[in-house]
Amino acid sequence: RLSKEDIERLVKEAEANAAADEEAAKKVESKNHLEQYCYQIKQTLGEEKLKTVFTEEEKTDVTNKVEDVMKWLGENQGAEKEEFEAKTKDLETVFNPIMQRVYQATGGQPGGQGGMPDMSGMGGMGGMPNMNFGGQGGQT
């Protein structure tokens, strides 16, 4: 049986480790978010309904950027949360304006049907990241 001192020591160790565990979880979440965003972009570029809406230059620019980020991810598995977030923002600056143009060019939907591409199957991504609707997801 543990003594009172042992229990107190274990509780203090758990509290001390909780902050480190939370930071590690945030780091993994940031890395996974960036990786999922890359795959989401690749999927969007390959969507049959959108293939003709993207210009060749847009396809090339975005594909090159995604490939650069995926290569960086492979080489920087131990990067910090802020580095993953910076790469995500960097990718967003390339992709989001293109998607806004595509959205407008298609009348709000791929194929002119109204609405953004269906990205609901993207593991909680739900479309463009860092959007805050009703207090859910993303940051403002």
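This structure is a prediction, so every number in the text was calculated from the model and none was measured.

K.L.:
Whenever I open this one, a nonpolar patch on the surface confuses me. Can you help?
P.N.:
There is a patch of nonpolar side chains on the surface, built from Leu2, Ile7, Leu10 and Val11 and spanning about 330 Å² of accessible area. Positionally, isoleucine 7 belongs in helix 1 (residues 4-46).

K.L.:
When you look at the confidence of the model for the chain in this model, what are you seeing that I'm missing?
P.N.:
Low pLDDT means the predicted coordinates in that region are not meant to be read closely. With 77% of its residues at a pLDDT of 70 or more, the chain shows a mean pLDDT of 81. Mean pLDDT values over the elements of the chain span from 93, in helix 1, up to 95, in helix 2 (residues 56-75). Across residues 110-140, confidence stays below pLDDT 50; counting only partners more than four residues off in sequence or on other chains, it has 53 contacts.

K.L.:
Explain a negative patch on the surface to me, please; I cannot follow it from the model alone.
P.N.:
A contiguous patch of negative charge on the surface is contributed by Glu23, Glu80, Glu82 and Glu83. Assignment of secondary structure puts glutamate 82 in helix 3 (residues 81-105).

K.L.:
How should I be thinking about the environment of lysine 31 in this particular structure?
P.N.:
By secondary structure assignment, the location of lysine 31 is in helix 1. For the pair lysine 31 and lysine 87, spaced 56 residues apart in sequence, the C-alpha separation works out to 9.6 Å. Not counting residues within four places of it along the chain, the set of residues in contact with lysine 31 comprises Leu73, Gln77 and Phe84.

K.L.:
Explanation requested: helix 3 in the structure shown.
P.N.:
Residues spaced three or four apart along an α-helix face the same direction, because each turn holds 3.6 residues. With 25 residues, helix 3 extends 35 Å from end C-alpha to end C-alpha; this agrees with the ideal 36 Å at 1.5 Å per step. The elements touched by buried residues of helix 3 are helix 1 and helix 2. Once helix 3 finishes, glycine 107 follows within two positions and takes phi at roughly 70°, a positive value.

K.L.:
Where do I start with the nonpolar core in this structure?
P.N.:
What tends to happen in soluble globular proteins is that the nonpolar side chains get buried as a cluster. Grouped together as the largest cluster of nonpolar side chains are 20 residues, with contacts concentrated most on Leu34, Ile41, Phe54, Val62, Leu91 and Val102. Secondary-structure elements contributing two or more residues to this core are helix 1, helix 2 and helix 3. In this view, valine 102 contacts Leu50, Val53 and Phe54; residues no more than four positions away in its chain are not counted.

Calculation criteria
Residues numbered from 1 in each chain as written. Predicted model: local features only at pLDDT ≥ 70, side-chain atom pairs only at ≥ 80, totals over all residues. Heavy atoms only, no water. Patch = residues over 30% accessible without salt bridge, like charges linked within 9 Å, V, L, I, M, F, W, Y side chains within 5 Å. Areas by Shrake-Rupley, 256 points an atom, 1.4 Å probe, with all protein chains shown as cover. Salt bridge = Lys/Arg side-chain N within 4 Å of Asp/Glu carboxyl O. Helix = DSSP H or I, 4+ residues; strand = E, 2+ residues; numbered from the N terminus. pLDDT = per-residue confidence, 0-100. Contact = heavy atoms within 4.5 Å. Lys, Arg positive; Asp, Glu negative; His and termini not counted. Charge placed at Lys NZ, Arg CZ, Asp CG, Glu CD. Expected span 1.5 Å × (residues − 1). Core = buried A, V, L, I, M, F, W, Y, C linked by side-chain atoms within 4.5 Å. Buried < 20%, exposed > 50% of the residue type's maximum accessible area, 1.4 Å probe, protein only.

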